[in-house]
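# Working through the structure, step by step
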Amino acid sequence: MKKTVNIKIGRNEDCPCGSGKKYKKCCEGIKKPIQVNLEKHYKKKYGIHLKNVEQIEGIRKAGILVVETHKLAEQYIKPGISTNEINDIIHEHTIKNGAIPAPLNYKGYPKSACVSVNDVICHGIPGDLILQDGDIVNVDITSILDGYYADSNQTLFVGTPGDDAKKIVQVVRDCFKAGMSMVKPGNTIGDIGWAIQDHAEKNNCSVVREFIGHGIGLDFHEAPQVPHFGKKGSGVPLVPGMVFTVEPMVNLGGPRLYILDDEWTAVTADGSLSAQFEETIVVTEDGYDSLTPMGI
Ligand code: MF3
Ligand code: CO
Ligand code: CO
């Protein structure tokens, strides 16, 4: 079933029918619904590469491997394991399945996954740190399979969680779900961020601004940017074929952060706990389909 796509077009913009003429000199005056060439229109106006069926299936295959790698790593998350060992499990499983760990050497990143503990918001570099009972740990995995990228993360409890750990993980899980519930044609990127921010702040938590979701699929980070805060109805209208991540980072305290001297590790400025969930999704005719179904 084809649905009408609700997009606003400026009179001086290129006509979305793909003619190459200005909208005002082309389809503006025509009464019948215009045949929008969405692929060209989204590329030109937003730099967004809408994915075709073959590409979506490629990203889904990469996503299935990412989820499988998460399930494997999860089994090792216990007090006493080092973040380096988690990295190596992820690295080996990815390579064994003919894929490439996208983080390795990405803009100089030295490891195959991000493992972020407690007040580390994201981009924790695996090392000698040993997980302790009561920690929370965010494991972020991105794999490239046959040239297609899929990216997801989850925050897990190490041993028995305390009250603060339980709270922040529950709040960010519900933020993630609130954001996802906005993903359908007719809504915008801004609706996703609005829903996430609204839920976080109603629970006295805060949303990180410096890191956001992103288009993905043919590259690690593509257009559009997907902030986890913002105004209802703002930003790019969602249309079928858009593939992007939703990956809210929510802090128990304030939103400010520091980057450590390693130039990657982002920590909360006030030392409060931070948690995150992420999936790679594709917008469909009536909602979305997760390409990394994590069961969040
Ligand atoms: N996986 C992260 C994201 O969700 C990006 C990590 S970049 C790295 O976008 F270089 F740190 F791996
Ligand atoms: Co991501
Ligand atoms: Co990620």
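In what follows, the structure referred to is the one given above.
Residues numbered from 1 in each chain as written. Chains lettered and ligands numbered in written order. Predicted model: local features only at pLDDT ≥ 70, side-chain atom pairs only at ≥ 80, totals over all residues. Heavy atoms only, no water.

## A short note on the pairing of strand E9 (residues 243–246)
Strand residues, when the strand is regular, have side chains that alternate between the two faces of the sheet. The two faces of E9 match: Val243 and Thr245 on one face and Phe244 and Val246 on the other face are all buried. Summarising the sheet, E9 and strand E14 (residues 279–283) pair through 4 bridges and their orientation is antiparallel. Paired with Thr245 across the two strands is Thr280, which belongs to E14. (Buried < 20%, exposed > 50% of the residue type's maximum accessible area, 1.4 Å probe, protein only. Helix = DSSP H or I, 4+ residues; strand = E, 2+ residues; numbered from the N terminus. Pairing = 2+ DSSP bridges.)

## Overview of the coordination of the cobalt ion (ligand 3)
For the cobalt ion (ligand 3), the full set of protein donor atoms is Asp140 (OD), Asp140 (OD), Asp151 (OD) and Glu278 (OE), and the range of their distances to it is 2.1 to 2.4 Å. Because the angles between the 6 donor atoms bound to the cobalt ion (ligand 3) fall within 58 to 170°, the donor set is best described as irregular. In the primary structure, the donors to the cobalt ion (ligand 3) are separated according to the pattern D-x10-D-x126-E. The cobalt ion (ligand 2) is placed at 3.3 Å from the cobalt ion (ligand 3), the two being bridged by Asp151. Of this pair, Asp140 sits in strand E4 (residues 136–145) while Asp151 is found in strand E5 (residues 148–157), placing the two residues 11 residues apart along the sequence. A relative accessible area of 13% means that Asp140 is categorised as buried. A residue is classified by how much of its surface remains accessible, and Asp151, at 3% relative accessible area, is buried. (Donors = N, O, S within 2.8 Å, 3.2 Å for Na, K, Ca; no water. Tetrahedral: all angles 85-135°; square planar, octahedral: opposite > 155°, others 65-115°.)

## Overview of the sheet that holds strand E10 (residues 249–251)
Taken in spatial order, the 3 strands make up an open sheet running E6-E10-E13, and their pairing is antiparallel. The two strands at the open ends of the sheet, each matched to only one other strand, are strand E6 (206–207) and strand E13 (274–276). Here 3 bridges tie E10 to E13, and the two strands are oriented antiparallel to one another. Opposite Asn251, over in E13, you have Ser274 as the bridge partner.

## A closer look at the layout of surface pockets
One number sums up the size of the second largest pocket: a volume of about 530 Å³. For the lining of the second largest pocket, the secondary-structure elements that each account for two or more residues are E4, strand E7 (213–215) and strand E8 (222–226). Sorting elements by how many residues they give to the lining of the second largest pocket places E8 first, with 4 residues. For the lining of the second largest pocket, the class distribution of residues is 12 nonpolar, 7 polar and 7 charged. (1 Å grid on protein atoms, 1.4 Å probe; cavity = no way out; pocket = protein on both sides within 12 Å on 5 of 7 lines; lining within 4 Å. Points joined across faces, edges and corners; volume = space filled by probe spheres on them. Nonpolar A, V, L, I, M, F, W, Y, C, P; charged D, E, K, R; others polar.)

## So, the sheet that holds strand E3 (residues 120–122)
Read across the open sheet, the 3 strands follow the order E3-E12-E11; overall the sheet is antiparallel. Each of the sheet's edge strands pairs with one partner strand only, and the pair in question is E3 and strand E11 (257–259). On average, each strand axis in the sheet is inclined to that of its neighbour by 40°, with strand direction left out of account. Sheet topology places E11 next to strand E12 (residues 266–268); 3 bridges connect them, and they run antiparallel. Opposite Tyr258, over in E12, you have Val267 as the bridge partner. (Axes fitted to C-alpha atoms, helices over the stretch in contact; angles between N-to-C directions.)

## Some points on the coordination of the cobalt ion (ligand 2)
Distances from the cobalt ion (ligand 2) to its protein donors, namely Asp151 (OD), His214 (NE2), Glu247 (OE) and Glu278 (OE), fall within the range 2.0 to 2.2 Å. Around the cobalt ion (ligand 2), the 6 donor atoms are arranged such that angles at the metal cover 51 to 166°; this shape is classified as irregular. If you list the donors of the cobalt ion (ligand 2) from N- to C-terminus, the spacing comes out as D-x62-H-x32-E-x30-E.

## Things to note about the site of ligand 1
Of all residues adjacent to ligand 1, which total 14 residues, the nearest are Pro103, Asp151, His214, His221 and Glu247. For ligand 1, a nitrogen atom lies 3.1 Å from a polar atom in the side chain of Asp140. In this structure, Glu247 approaches ligand 1 through a side-chain N or O atom, which is 2.8 Å from an oxygen atom. When ligand 1 is considered free in solution it has 340 Å² of accessible area, and contact with the protein chains removes 96% of it. In this structure, ligand 1 is accommodated by the second largest pocket. Of the residues in the shell around ligand 1, the class split is 6 nonpolar, 4 polar and 4 charged. (Near = heavy atom within 4 Å. Polar contact = N/O pair within 3.5 Å; in protein donor to acceptor, adjacent residues only side chain to side chain. Areas by Shrake-Rupley, 256 points an atom, 1.4 Å probe, with all protein chains shown as cover. Sits in = over half its atoms within 2 Å of the grid points.)

## Concerning the pairing of E14
Of all the 5 residues making up E14, 5 are buried; the element is thus mostly covered by neighbouring parts of the structure. Bridge count for E14 against strand E15 (residues 288–290) is 3 bridges, and the pairing is antiparallel. Pairing of Val282 across the sheet is with Asp289, part of E15.

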